[in-house]
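Residues per chain, in single letters:
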Amino acid sequence: MRLEKITLRHLKMPMKAPFTTSFGTVDEKEMLLIEAKDESGTTGWGETVAFVAPWYTEETLKTTWHMLQDFLIPILLHKKIGHPDEVTSLFAPIRRNCMAKASIEGAVWDIYAQQTKQSLAQALGGQKQRIEVGVSVGIQPSIAQLIALIKGHIEEGYKRVKIKIKPGEDVEIVQAIRAEFPNLPLVVDANSAYTLEDIEILQQLDDFNLLMIEQPLATDDIVDHAALQKKLKTPICLDESITSYEDARRAIELGSCGVINIKIGRVGGLTEAIRIHDLCKANHIPVWCGGMLEAGIGRAHNVALTSLSQFILPGDTAGSSHYWYEDIIDPEVKVKDGYIEVPQSVGIGYKPNMAVIDKLTISKEIYQ
Ligand SMILES: O=C(O)CCC(=O)c1ccccc1C(=O)O
Ligand SMILES: [Mg+2]
């Protein structure tokens, strides 16, 4: 394929359930949609996952736009691409900027899947027909409200629940949830809010039969995490710390984690995500698909990726209606009894809903 026309759209989507972390609240998600058309007219779609502010990683919506416009689109436009894997080497001279790279690489994978007449899941090597789904709950105003929300999600059928913790809002909350739901598969995610000095708190969390503790220590650390893992029986799951295959290899070698959360955007695309998946499989490290409050295009890519066999644990890939009044794909992603059916039709398996996309678009630029 050769990409001949790339349309970038900047969308702003109101969230049905605003998502609060220790850094603030996302009540409107902004993203760029990448619509890439090749010489035969096949169109592939990608979505950026960076937030407006750099609280999760250093990328922002504006940096992804800058990277796409000034570097990544010029590299790919009119270039012959035989297989999506080649995008990784074409982008190799550009340091980091994983979310920007992943967004357009995803569109290339979508085109490739369509041209080889496969579903995106098949093109990635995925075999599962349905995937298990968990839900991530943001910080709530009170423990009572958190428990009520969790109760609702269990009734909806979600297979596990993840809550956010931070110093001062941790042990007491977990204790209250455990008292109510002794057997719930429960995860806590600290988004790097602790240091090794907090080891006593983290050791207290070790007594609650948690499925894992996600990213307790610094975003760029694997050394302290290795020290911590030696002192905990609960597996540590790394999220922010893993931005590449090499990061994953080093973390596994050091014993920094027992689980890895794979996010396509954080690791620079589907090709790198598959490499990390395969590495984890060879090392018996369970993985799951993380979420970035994606709209339908990003969510569709997550569903396809999760069909690979080492995605053993339920992902943060809740259904469209958990986040959106109206998603940008048709049909929307639906969760039934805690599962999403992996689409078997060609490409991502969901159609971009142009009426909704147009309504939410605040600006648009074409490169050709
Ligand atoms: O529901 C989702 O998409 C995942 C929610 C979530 O936990 C999250 C949301 C935004 C940024 C980081 C994270 C995270 O996994 O750390
Ligand atoms: Mg996380």
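Residues numbered from 1 in each chain as written. Chains lettered and ligands numbered in written order. Predicted model: local features only at pLDDT ≥ 70, side-chain atom pairs only at ≥ 80, totals over all residues. Heavy atoms only, no water.

With an unreviewed UniProt entry as reference, the protein chain is termed o-succinylbenzoate synthase, source organism Lysinibacillus capsici. Recorded in UniProt for the protein chain, the comment headed Sequence similarities (unreviewed entry) runs: "Belongs to the mandelate racemase/muconate lactonizing enzyme family. MenC type 2 subfamily." Taken directly from UniProt, the Function (unreviewed entry) text for the protein chain runs: "Converts 2-succinyl-6-hydroxy-2,4-cyclohexadiene-1-carboxylate (SHCHC) to 2-succinylbenzoate (OSB)." (UniProt positions renumbered as here; feature names shortened; annotations may be inferred.)

With that settled, consider the environment of serine 119. Tracing the backbone through its elements, the reader meets serine 119 in the loop between helix H3 (98-115) and helix H4 (120-124). A residue is classified by how much of its surface remains accessible, and serine 119, at 1% relative accessible area, is buried. Between the C-alpha atom of serine 119 and that of proline 343, which follows or precedes it by 224 residues, the distance is 7.1 Å. Excluding residues within four positions of it along the chain, serine 119 makes contact with Ala113, Pro343, Gln344, Ser345, Val346 and Gly347. (Helix = DSSP H or I, 4+ residues; strand = E, 2+ residues; numbered from the N terminus. Buried < 20%, exposed > 50% of the residue type's maximum accessible area, 1.4 Å probe, protein only. Contact = heavy atoms within 4.5 Å.)

Cis geometry is found at the peptide bond from aspartate 330 to proline 331, where omega equals -5°. Tracing the backbone through its elements, the reader meets proline 331 in the loop between strand E12 (329-330) and strand E13 (339-341). The backbone phi angle of asparagine 191 is positive, close to 40°, even though this residue is not glycine. Mapped onto the secondary structure, asparagine 191 falls in the loop between strand E7 (186-189) and helix H7 (199-205).

What follows concerns the site of ligand 1. Close to ligand 1 lie 17 residues; Ser136, Asp189, Asn191, Leu293 and Tyr323 are nearest. One nitrogen or oxygen atom from the side chain of aspartate 189 is found 2.9 Å from an oxygen atom belonging to ligand 1. Between leucine 293 and ligand 1, the recorded distance is 2.8 Å, taken from a backbone N or O atom to an oxygen atom. Calculation on ligand 1 without its partners gives an accessible area of 390 Å², and the protein chains cover 100% of this total. (Near = heavy atom within 4 Å. Polar contact = N/O pair within 3.5 Å; in protein donor to acceptor, adjacent residues only side chain to side chain. Areas by Shrake-Rupley, 256 points an atom, 1.4 Å probe, with all protein chains shown as cover.)

In total, this model carries 5 aromatic pairs according to the counting rule given. Here tryptophan 55 and tyrosine 56 contribute two aromatic rings whose centre-to-centre distance is 6.2 Å and whose plane-to-plane angle is 70°, an arrangement assigned as edge-to-face. A residue is classified by how much of its surface remains accessible, and tryptophan 55, at 22% relative accessible area, is partly exposed. Seen from their ring centres, tryptophan 109 and tyrosine 112 are 5.8 Å apart, and the 90° between their planes marks the pair as edge-to-face. (Phe/Tyr/Trp six-rings, centres within 6.5 Å; stacked < 30°, edge-to-face > 60°.)

All right, on to the UniProt feature "binding site: Mg(2+)" (unreviewed entry) in the protein chain then. Per the UniProt record, "binding site: Mg(2+)" (unreviewed entry) is annotated on Asp189, Glu214 and Asp239. A stretch of 51 residues holds the annotated residues, and the largest C-alpha distance among them is 9.2 Å, short enough that they meet in one place. Setting aside residues no more than four positions away along its own chain, aspartate 189 makes contact with Lys162, Ile163, Lys164, Ile165, Glu214, Gln215 and Asp239. Separated by 3.1 Å, the side chains of aspartate 189 and lysine 162 make a polar contact. For aspartate 239, the location among the structural elements is in the loop between strand E9 (236-238) and helix H9 (245-254). Given a relative accessible area of 0%, aspartate 239 falls into the buried group. Apart from residues no more than four positions distant in its own chain, aspartate 239 is found in contact with Tyr56, Asp189, Glu214, Gln215, Asn261, Lys263 and Arg266.

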